[in-house]
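Residues per chain are reported as follows:
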Amino acid sequence: MSSPNQHIIPRDQHSVSRDFISENALKVLYRLHKGGYEAFLVGGGVRDILLGLRPKDFDIATNATPEQIKKLFRNCRIIGRRFRLAHILYGRDVIEVATFRAHCDDNIEQRGDGMIVRDNVYGTVEEDAIRRDFTVNALYYNIADFSIHDYCGGLEDLEKRQLKMIGDPIERYKEDPVRMLRAVRLGCKLNLTIEENTAKPINEMAHLLEGIPAARLWEEYKKMFLSGKGQRTFNQLKSFGLLPYLFPETVKAINEDDDFAEFVTLALENTDRRISQDKSINPAFLLAVMLWKPLMERTDRLVNKGMHFNDAFYKNFNTTINKQTQTVSIMKRYGAVMQDIWALQVRLKFNHGKRVWSVFDHPRFRAGYDFLLLRSEVDPSLKPLADWWTQFQEVGREQRVKMLSQNKPQGKKRRTRKRKPRSNA
Ligand code: ATP
Ligand code: MG
């Protein structure tokens, strides 16, 4: 029997089942429902289950206000200014619960250029659906009867494997330019084609990203590059003309230098591979790669003016990071990791003497070595050094000592420096 409402798909006609939803998300859904409220799983959670993927997180939408949600849950925290949201905390697992919001002109606060700065006016589930970004993100799984509510044609688009903006893409990008990044990110992550009208305006509107706070772009950076599809996302961002608004100096350097472009590609591939193998990744590594050439160019400029290489090199760490921070912010602790990785490139040059041990014991040794290895793939002159360090790690301590004794420093002997100065000199 079909539903009288064409937007509601009953439980036996779709593939979302509670087995695929986390225990904590189910707990929240049930408690809201028992409290007399409407409660739906929405967004990436429903979309990913329908695509046969494991959702990264579970977002919940309800008609309960944040205050009403807080009354139901002891472990609840209200966050956000532009959007007030409830976070239900189960240890480290956070379930985000949002109250349905309406998207109509009288209710939202827009700046002169159309960008939304505040929209905290509550609405119905139907209104909530149309203010979401893509149709496939506007599917609601109802805990009351396990049906799916589809007000924007998301199920059809999932079948067509396309990512389509709800409403007029141009207006929706004006309201929130980050949606352009989300289109590229989700298209790559889910292997969906960006629908023609959704894709078309992006190139011309890319510059609107200039108005987005660097901290928000940092959040997007992490999602774009640290979820296993970094390389594809990078290329797409480039062809949509979005990349210069995220990494201006990197784009310039890539366009001028094929070897550097190759270096960045290798790092992106490497990161994607590590993620697919469930290995740890630090968001700083890729940034250290992307800013390597801008750092070296600054260094060269000072060297040409007569400064010693090392002085010029270290001096430009902060300048290079600070410049990047103007578009995509970099938290201090990641900046520190980048600096460590860069500094290690100088220290790894010395594969002889006692200094080798302190480099080897450095907490960032592995990242520094990985960085050198990648550099050696585009610069063959670094290959012997990279191979030496590879071998140094693979052998036992005795062999290491032997490797060092074979690798005597060349040039000046240090012992002469240790002599006491003559008293009557
Ligand atoms: P992911 O798998 O990366 O979590 P997601 O689509 O769930 O993807 P979230 O950032 O978790 O992304 O957002 C949850 C939902 O909130 C989205 O599916 C979408 O419905 C809505 N949403 C998020 N960002 C926007 C935006 N900028 N404009 C409109 N709706 C948005
Ligand atoms: Mg999500």
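Refer to the preceding data block for the structure.
Quantities reported herein were computed from a predicted structural model and do not represent experimental measurements.

*Asks:* Break down the site of ligand 1 for me, with residues and values.
*Replies:* Neighbouring residues of ligand 1: 18 residues in total, closest R47, D176, R179, R185 and K189. R47 has a polar side-chain atom sitting 2.9 Å from an oxygen atom of ligand 1. Interatomic distance of 2.8 Å between a side-chain N/O atom of D176 and a nitrogen atom of ligand 1. In isolation ligand 1 offers 590 Å² of accessible surface; the protein chains occlude 87% of this area. Those elements giving two or more residues to the shell around ligand 1 turn out to be α2 (44-50), α7 (178-190) and α10 (214-225). If one sorts the elements of the shell around ligand 1 by residue count, α7 sits on top with 5 residues. Of the residues belonging to the shell around ligand 1, the class tally is 1 nonpolar, 3 polar and 14 charged.

*Asks:* So what's going on with the pattern of salt bridges? Which residues, and what values?
*Replies:* All chains considered together, the criterion is met by 19 salt bridges. Note that D128 is salt-bridged to R131, the shortest N-O span being 3.2 Å. Pair check on accessibility: D128 and R131 agree, each one buried. Linked through salt bridges whose partners overlap, the residues forming this network are D128, R131 and R132.

*Asks:* Quick one: what's the story with the nonpolar core, residue by residue and with numbers?
*Replies:* Of all hydrophobic cores here, the largest spans 98 residues; its most connected members are L242 and W342. If one sorts the elements of this core by residue count, α7 sits on top with 8 residues. Beyond its immediate sequence surroundings of up to four residues, W342 is in contact with A288, L291, W292, L295, F313, F317, T320, I321 and F371. In this structure, V359, A386, W389 and M403 belong to the second largest nonpolar core, which totals 17 residues.

*Asks:* Lay out helix α15 (residues 292-304) in plain terms, naming residues and giving numbers.
*Replies:* Taking 1.5 Å as the rise per residue, α15 with 13 residues should run 18 Å; its terminal C-alpha atoms sit 18 Å apart, in good agreement. Every buried residue of α15 is listed here: W292, P294, L295, M296, R298, T299 and L302. Looking at the packing, one finds that the buried side of α15 touches α12 (248-256), α13 (258-276), α14 (283-290), α16 (309-325), α17 (332-347) and α19 (365-378). Looking one or two residues beyond α15, the residue adopting positive phi is G306, at roughly 110°.

*Asks:* Can you break down the packing of α14 against α17 residue by residue, with the values?
*Replies:* Where α14 meets α17, the closest approach of the two axes is 9 Å, and the angle between their N-to-C directions is 55°. Relative to α17, α14 is oriented oblique. Here the hand of the crossing between α14 and α17 comes out right-handed. Where α14 abuts α17, its residues P283, A284, F285, L287 and A288 lie against Y334, V337, M338, I341 and W342.

*Asks:* So what's going on with the side chain of D48? Which residues, and what values?
*Replies:* By secondary structure assignment, the location of D48 is in helix α2. For D48, a relative accessible area of 3% corresponds to the buried category. Beyond its immediate stretch of four places on either side in the chain, D48 contacts L53, R54, P55, K56, K189 and L190.

*Asks:* Give me the lowdown on the sheet that holds strand β3 (residues 59-62), citing residues and values where you can.
*Replies:* Strand order in the open sheet formed by 8 strands is β1-β10-β9-β2-β3-β6-β5-β4, with mixed pairing between adjacent strands. Here the strands that pair on one side only, and so sit at the sheet edges, are β1 (8-9) and β4 (76-79). The pairing of β1 with strand β10 (residues 148-150) spans 2 bridges and is antiparallel. Paired with I8 across the bridge in β10 is H149. Across the sheet, helix α1 (residues 23-34) is in contact with β2 (39-42), β3, β5 (85-90) and β6 (93-99); its angle to β6 comes to roughly 35°.

*Asks:* Please set out unusual backbone geometry residue by residue, giving values where relevant.
*Replies:* Not every positive phi belongs to a glycine, and F146 is a case in point at roughly 65°. Secondary-structure assignment places F146 in the loop between β9 (139-142) and β10. With phi around 55°, R161 is a residue other than glycine that occupies positive phi space. Here R161 shows up in the loop between α5 (154-160) and β11 (162-163). Among the residues examined, R161 registers a relative accessible area of 36% and is labelled partly exposed.

*Asks:* So, the pairing of β6: which residues are in play, and what are the values?
*Replies:* On a regular strand, one side chain projects to one face of the sheet and the next to the other, so that they alternate. Across 4 bridges, β3 lies against β6 in parallel orientation. Paired with D59 across the bridge in β6 is E96. Relative to β6, β5 runs antiparallel, the two sharing 6 bridges. The residue of β6 that forms the bridge with Y90 is D93. Between β5 and β6, which pair antiparallel in sequence order, lie 2 residues; one of them, G91, sits at a positive phi of approximately 60°.

Criteria and cut-off values
Residues numbered from 1 in each chain as written. Chains lettered and ligands numbered in written order. Predicted model: local features only at pLDDT ≥ 70, side-chain atom pairs only at ≥ 80, totals over all residues. Heavy atoms only, no water. Near = heavy atom within 4 Å. Polar contact = N/O pair within 3.5 Å; in protein donor to acceptor, adjacent residues only side chain to side chain. Areas by Shrake-Rupley, 256 points an atom, 1.4 Å probe, with all protein chains shown as cover. Helix = DSSP H or I, 4+ residues; strand = E, 2+ residues; numbered from the N terminus. Nonpolar A, V, L, I, M, F, W, Y, C, P; charged D, E, K, R; others polar. Salt bridge = Lys/Arg side-chain N within 4 Å of Asp/Glu carboxyl O. Buried < 20%, exposed > 50% of the residue type's maximum accessible area, 1.4 Å probe, protein only. Core = buried A, V, L, I, M, F, W, Y, C linked by side-chain atoms within 4.5 Å. Contact = heavy atoms within 4.5 Å. Expected span 1.5 Å × (residues − 1). Axes fitted to C-alpha atoms, helices over the stretch in contact; angles between N-to-C directions. Parallel < 35°, antiparallel > 145°, perpendicular 65-115°, else oblique. Left-handed = near helix turned anticlockwise from the far one by under 90°. Pairing = 2+ DSSP bridges.

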